[in-house]
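Structural characterization, general
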Amino acid sequence: MYPTTLLFIATLSLAAALDGNGPPASPAIDRPVLSGLFTSITLPTGQGGCSGTQEAILDIYPSSSGSTAPTVLHLPGGAYMNLVGDTVESAGQQYLDAGYTVAVLYYRLPRSATTTSWLVCSDPYEALDDVSSAMTHLLENAADYNVDADQIVLSGFSAGGHLASLYSSLCNARSSACPAGQVLHFPFMEKGSKIFCSEVGTAFNALQDYDECFPTVLVDEATPPTILYHAGGDPIVPTSEMTGFVSALGQQGTSYEYYEVLEGGGHYLVPFSQVAAVSDGVLDSSGDYASLIERALMLPNPSCVRCDDIATPWMEDNGKTCDATTWLITNKCVDDPQWVTNGYCRSSCYDAGRGYANEVCCPPPTPPSSCTECSDDATPWMENNAKKCATSPSSIETNCNENGWWVSNAYCQLSCFAAGRGYEGIDCCD
């Protein structure tokens, strides 16, 4: 079925533009309208979500440049139980004003905002299917929307940040188009992973095994260039989740930039000048959040790609696998046009020195470290008295994990850990 297409003029209200006829059932609380003409697509992924009637909707705003432009696929947040439009109105408009083509995806949701919000009430992977469908639509209609097919960046917020990073890790395995970069704003990493790995109809909070849905574990050398923004005052996503993700990116050699607003802020976008202030001069204080998209496109691309090992039809019919058919690998691969066309046994061919043209396969990912790079930030009293955590043993002995103020601000994280008084869930690296 071809997607439903509606064209709107953004200066009209959505209801007026539709002349009283409601849009397809959208998961969003609201769908903000940005400046300029845009096209609204109901993606062909079907109905779903907790109501069973949600449909994924893609609002596309072509670049005002009139020519091909880098494109932002914007994934709003809302804890996977609603979609909030504030980041669309703010960052989304900034992307558009900077000359990007902007596509906003209202994906189907696996939680209910009105009843039993602690349960996963529909298949979370519907949201991944929606991202894949959105990418496909943008690529297949690139000329119509002024999309540069080689420069599509995912921009995710909260749950949308988890969705963006999970999609970037799984796009090859799902035979989907991968993005050129990702910009993650206070991503809902741990809880989002628990939601995705939970069975439909079950509570997600107590889930212990969620590595298959946890971007920190799934990071590899093919992870696209990543920009990460977070504020230390965020009450929903702790800084430790961000530092764990950053540690995994560094361990795999992924190009990234991490901007942590240390004081204040919350689970929202702070004034951009505060982000620029912690960037060591990389970002201009007079800029806006579109600058993070620019940074993602400036970072080095991965030096390798994720290679699958798809067996030929003959192998499947005879119970064979690529890594167990030495004769075929030796005599086929790059020498057989049918293998080249279908990309059979990419990993095994590459490992045998017979990989396909211009393709460097990534090695299996190194398991991420389970430890956290801990800070050792002094309390205000220490700073005022020229003290440091490491030289204040009495403070360490009487505070750390027994002082709620220290816990909430993660003061002396490393010194507390070294003294056997570390914060819950934090295992500091040596």
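A few points on the structure. Worth saying up front: this structure is predicted, and the values here are computed from it rather than measured.

**Considerations on unusual backbone geometry**
Backbone geometry at cysteine 333 places phi at a positive 50°, although glycine is not the residue there. Even without a glycine there, the phi angle at cysteine 345 is positive, about 50°. Of note, cysteine 345 is situated in the loop between helix H13 (337-342) and helix H14 (346-351).

**So, the packing of helix H5 (residues 159-170) against helix H6 (residues 189-197)**
It is the contact of H5 with H6, at a shortest axis distance of 9 Å, that shows an interaxial angle of 65°. Here H6 runs roughly perpendicular to H5, going by the angle between their axes. The interaxial crossing formed by H5 with H6 has right-handed handedness. Two secondary-structure elements touch here, H5 through His162, Leu163, Ser165 and Leu166 and H6 through Met189, Gly192, Ser193 and Phe196. Residue composition of the contact of H5 with H6, by class: four nonpolar, four polar and no charged.

**Considering the pairing of strand S3 (residues 57-61)**
Summarising burial for S3: five of the five residues are buried, a large majority. Alternating positions in S3 separate into two faces, Ile57, Asp59 and Tyr61 on one and Leu58 and Ile60 on the other, with burial throughout. As judged from the four bridges shared by strand S2 (residues 37-42) and S3, these two strands associate in the antiparallel manner. Its bridge partner lying in S3, isoleucine 41 is registered against leucine 58.

**Describing helix H3 (residues 125-140)**
Over its 16 residues, H3 extends 23 Å from the first C-alpha to the last, a length consistent with the 22 Å expected when each residue adds 1.5 Å. Within H3 the residues assigned to the buried category are Glu126, Ala127, Leu128, Asp130, Val131, Ser132, Ser133, Ala134, Met135, His137 and Leu138.

**A few points about the pattern of salt bridges**
Evaluated as defined, the whole model comprises eleven salt bridges. A salt bridge links aspartate 129 to arginine 174; the nearest nitrogen and oxygen atoms lie 2.3 Å apart. Placement of aspartate 129 in helix H3 and of arginine 174 in the loop between H5 and strand S7 (181-185) is noted, with a sequence separation of 45 residues between them. The class for aspartate 129 is partly exposed, based on a relative accessible area of 33%. Judged by relative accessible area, arginine 174 falls into the partly exposed class, the value being 29%. Between glutamate 359 and arginine 346 there is a salt bridge, with the nearest N and O atoms lying 2.8 Å from each other. Note that glutamate 359 is positioned in the loop between H14 and helix H15 (380-384) and arginine 346 in helix H14, a separation of 13 residues in sequence. On the basis of relative accessible area, arginine 346 is assigned to the buried category, the value being 16%.

**A few points about the layout of surface pockets**
Of the pockets and cavities examined, the largest pocket occupies roughly 1600 Å³. What lines the largest pocket is a set of 50 residues, among which Pro238, Thr239, Ser240, Ala410 and Gln413 lie closest to the centre. Among the secondary structure elements, those contributing two or more residues to the lining of the largest pocket are helix H7 (215-218), helix H8 (239-252), strand S9 (256-261), H15 and helix H17 (404-409). With eight residues, the single largest contributor to the lining of the largest pocket is H8.

**A short note on the side chain of serine 112**
In this structure, serine 112 sits in the loop between strand S5 (101-106) and H3. For serine 112, a relative accessible area of 11% corresponds to the buried category. Within the structure, the side chain of serine 112 is placed 3.2 Å from the side chain of threonine 114, a separation counted as a polar contact. A polar contact is formed between the side chain of serine 112 and the backbone nitrogen of threonine 115, at a distance of 3.1 Å. Beyond its immediate stretch of four places on either side in the chain, serine 112 contacts Cys50, Met81, Ser117 and Cys121.

**Description of the state of the cysteines**
All told, the structure shown has ten disulfides when counted by the stated rule. Each sulfur in the disulfide pair cysteine 322 and cysteine 345 lies 2.1 Å from the other. Negative torsions about the S-S bond denote left-handed disulfides, and the value of about -75° found for cysteine 322 with cysteine 345 makes this one left-handed. Residue cysteine 322 is found in the loop between helix H11 (313-317) and helix H12 (326-331), and its partner cysteine 345 is found in the loop between H13 and H14; the two are separated by 23 residues along the sequence. When sorted by exposure, cysteine 322 lands in the same class as cysteine 345, which is buried. Bridging cysteine 400 to cysteine 416, the disulfide has an S-S length of 2.0 Å. The sign of the -85° torsion about the S-S bond sets the cysteine 400-cysteine 416 disulfide as left-handed.

**Points about the environment of glycine 78**
When you line up the elements, glycine 78 lands in the loop between strand S4 (69-75) and helix H2 (86-97). Between the C-alpha atom of glycine 78 and that of tryptophan 405, which follows or precedes it by 327 residues, the distance is 28 Å. Every residue in contact with glycine 78, bar those within four places of it in the chain, is listed here: Val84 and Ala159.

**A word on the nonpolar core**
In terms of nonpolar packing, the biggest core is built from 84 residues, with Leu58, Leu73, Leu105, Tyr107 and Tyr229 touching the most fellow members. What tyrosine 229 contacts, discounting residues up to four positions off in sequence, is Leu184, His185, Phe186, Pro187, Tyr259, Val261, Tyr268, Leu269, Val270, Val275, Tyr289 and Leu292. Formed by 13 residues, the second largest nonpolar core is a distinct cluster that contains Ala378, Ile396, Cys412 and Cys428.

**Remarks on the environment of aspartate 129**
Put simply, aspartate 129 and arginine 108 are 21 residues apart on the chain and 9.3 Å apart in space, counted from C-alpha to C-alpha. In this structure aspartate 129 touches Thr45, Arg108 and Arg174, once residues within four positions along its chain are discounted.

About the thresholds
Residues numbered from 1 in each chain as written. Predicted model: local features only at pLDDT ≥ 70, side-chain atom pairs only at ≥ 80, totals over all residues. Heavy atoms only, no water. Helix = DSSP H or I, 4+ residues; strand = E, 2+ residues; numbered from the N terminus. Axes fitted to C-alpha atoms, helices over the stretch in contact; angles between N-to-C directions. Parallel < 35°, antiparallel > 145°, perpendicular 65-115°, else oblique. Left-handed = near helix turned anticlockwise from the far one by under 90°. Contact = heavy atoms within 4.5 Å. Nonpolar A, V, L, I, M, F, W, Y, C, P; charged D, E, K, R; others polar. Buried < 20%, exposed > 50% of the residue type's maximum accessible area, 1.4 Å probe, protein only. Pairing = 2+ DSSP bridges. Expected span 1.5 Å × (residues − 1). Salt bridge = Lys/Arg side-chain N within 4 Å of Asp/Glu carboxyl O. 1 Å grid on protein atoms, 1.4 Å probe; cavity = no way out; pocket = protein on both sides within 12 Å on 5 of 7 lines; lining within 4 Å. Points joined across faces, edges and corners; volume = space filled by probe spheres on them. Polar contact = N/O pair within 3.5 Å; in protein donor to acceptor, adjacent residues only side chain to side chain. Disulfide = S-S within 2.5 Å. Core = buried A, V, L, I, M, F, W, Y, C linked by side-chain atoms within 4.5 Å.

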